[in-house]
Amino acid sequence: MKIKTKQKNRGFTLVELLVVIAIIAVLSAMATPAIMGALKKAKIVKSNGVCTSFEMAVNNFESEYNYLPFGGATAPSADDESIRSDDKIVAVLAGREDDLNFKEIRFFELNKPKGKSAGNYKDGLRIEGANAELYDPWGETYYISIDYDLDGELTDPYGGTDKITGKKCLIYSNGADKEKGSTAKNRDNASNFK
């Protein structure tokens, strides 16, 4: 004859649960810097891609119209190193301006930026009417320099003594720290020339 014994359903003890929670906390603390570093690198890579695409848009515009895009009423005769990507030149390349880009070709396209107001736009091309503004992943506009004197040289915007040759357009972002320069400290800067 068999005797039935009651088996106790045994769950986890409080100590076991606390040990598991502590292990999860330690693992997540160790993984967080690696994840944050990977996200930062991804933003820099994406921003470098935008810079390259913008340079290609300038080159394609020149191939189509036989002059470089500009944002004012008349074409500059000297290199312009003070253009920001909320200038009319972005609207020209985005096909939103019909005087210089009378065919209204979209040489440059990008997703809409994240954010609800001009103060917090990030990572994209904001188009409103005939205006277009280009924002980096950190919420700043890009800096642009174009070789309007067609001498094949542009001044290094990071302050180098050498001229940058072989490019008609330089575009760069100062990154998350917003510091200009090409030192090891400023590895978060994105550009089409370094």
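The structure we're discussing is the one just above.
The structure contained in this document is the topic of the report that follows. In this text the structure is predicted, and so the values were computed from the model without any measurement.

About the criteria used
- Residues numbered from 1 in each chain as written.
- Predicted model: local features only at pLDDT ≥ 70, side-chain atom pairs only at ≥ 80, totals over all residues.
- Heavy atoms only, no water.
- Buried < 20%, exposed > 50% of the residue type's maximum accessible area, 1.4 Å probe, protein only.
- Core = buried A, V, L, I, M, F, W, Y, C linked by side-chain atoms within 4.5 Å.
- Helix = DSSP H or I, 4+ residues; strand = E, 2+ residues; numbered from the N terminus.
- Contact = heavy atoms within 4.5 Å.
- Pairing = 2+ DSSP bridges.
- Phe/Tyr/Trp six-rings, centres within 6.5 Å; stacked < 30°, edge-to-face > 60°.
- Salt bridge = Lys/Arg side-chain N within 4 Å of Asp/Glu carboxyl O.
- Patch = residues over 30% accessible without salt bridge, like charges linked within 9 Å, V, L, I, M, F, W, Y side chains within 5 Å.
- Areas by Shrake-Rupley, 256 points an atom, 1.4 Å probe, with all protein chains shown as cover.

**Some thoughts on unusual backbone geometry**
Positive phi, close to 55°, is recorded for glutamate 104, a residue that is not glycine. Judged by its relative accessible area of 45%, glutamate 104 is partly exposed. The phi dihedral of aspartate 123 is positive, around 60°, even though this residue is not glycine. Exposure remark for aspartate 123: the relative accessible area of 12% places this residue in the buried category.

**Looking at the nonpolar core**
Residues Phe54, Leu93, Phe108, Leu134, Ile144 and Ile146 are the most contacted members of the largest nonpolar core, which totals 28 residues. Every element with two or more residues in this core is listed here: helix H1 (14-65), helix H2 (88-93), strand S3 (131-135), strand S4 (143-146) and strand S7 (169-173). The greatest single-element share of this core, amounting to seven residues, is contributed by H1. When neighbours within four sequence positions are excluded, phenylalanine 108 is seen to be in contact with Val50, Ser53, Phe54, Ala57, Leu93, Ala94, Leu125 and Leu134. The next biggest cluster of nonpolar side chains, apart from the first, holds six residues, and it includes Tyr158, Ile164, Leu170 and Phe193.

**Quick notes on the pairing of S7**
Taking burial as the measure, the five residues of S7 include five buried ones, the bulk of the element. On S7, burial covers both faces: Cys169, Ile171 and Ser173 on one face and Leu170 and Tyr172 on the other are all buried. Of the strand pairs in this sheet, S4 and S7 are connected by four bridges, and their pairing is antiparallel. Of the residues in S7, the one forming a bridge with serine 145 is leucine 170. With two bridges connecting them, S7 and strand S8 (residues 190-191) associate as antiparallel partners.

**Re the packing of aromatic side chains**
Think of a pair of aromatic rings as described by two things: how far the centres are apart, and how the planes are tilted against each other in angle. Counted under the stated rule, the structure contains 13 aromatic pairs. With a centroid separation of 6.1 Å and 85° between ring planes, the pair formed by tyrosine 172 and phenylalanine 193 is classed as edge-to-face. Separated by 21 residues along the polypeptide, tyrosine 172 in strand S7 and phenylalanine 193 in the segment after S8 bring together distant segments of the chain. Residue class for tyrosine 172 comes out buried when judged on its relative accessible area of 5%. Judged by its relative accessible area of 14%, phenylalanine 193 is buried. Taken together, Phe61, Tyr65, Tyr67, Phe70, Phe102 and Phe107 form an aromatic cluster joined through their ring pairs.

**Things to note about the pattern of salt bridges**
The final tally for this structure, using the stated rule, is eight salt bridges. Put simply, lysine 167 and glutamate 55 hold a salt bridge, and the shortest N to O gap is 3.2 Å. With lysine 167 in the loop between strand S6 (163-165) and S7 and glutamate 55 in helix H1, this residue pair connects regions lying 112 residues apart in the sequence. Two residues, arginine 126 and glutamate 133, come together in a salt bridge whose shortest N-O distance is 3.1 Å. Grouping residues by exposure puts arginine 126 and glutamate 133 together as buried. In the salt-bridge network here, residues are joined through shared partners; they are Lys46, Lys114 and Asp123.

**Considering a nonpolar patch on the surface**
Taken together, the side chains of Val15, Val19, Ile23, Val26, Leu27 and Met30 make up a nonpolar region of the molecular surface, amounting to roughly 590 Å² of accessible area. In this structure, valine 26 sits in helix H1.

Keep in mind these numbers describe shape, not what the thing actually does.
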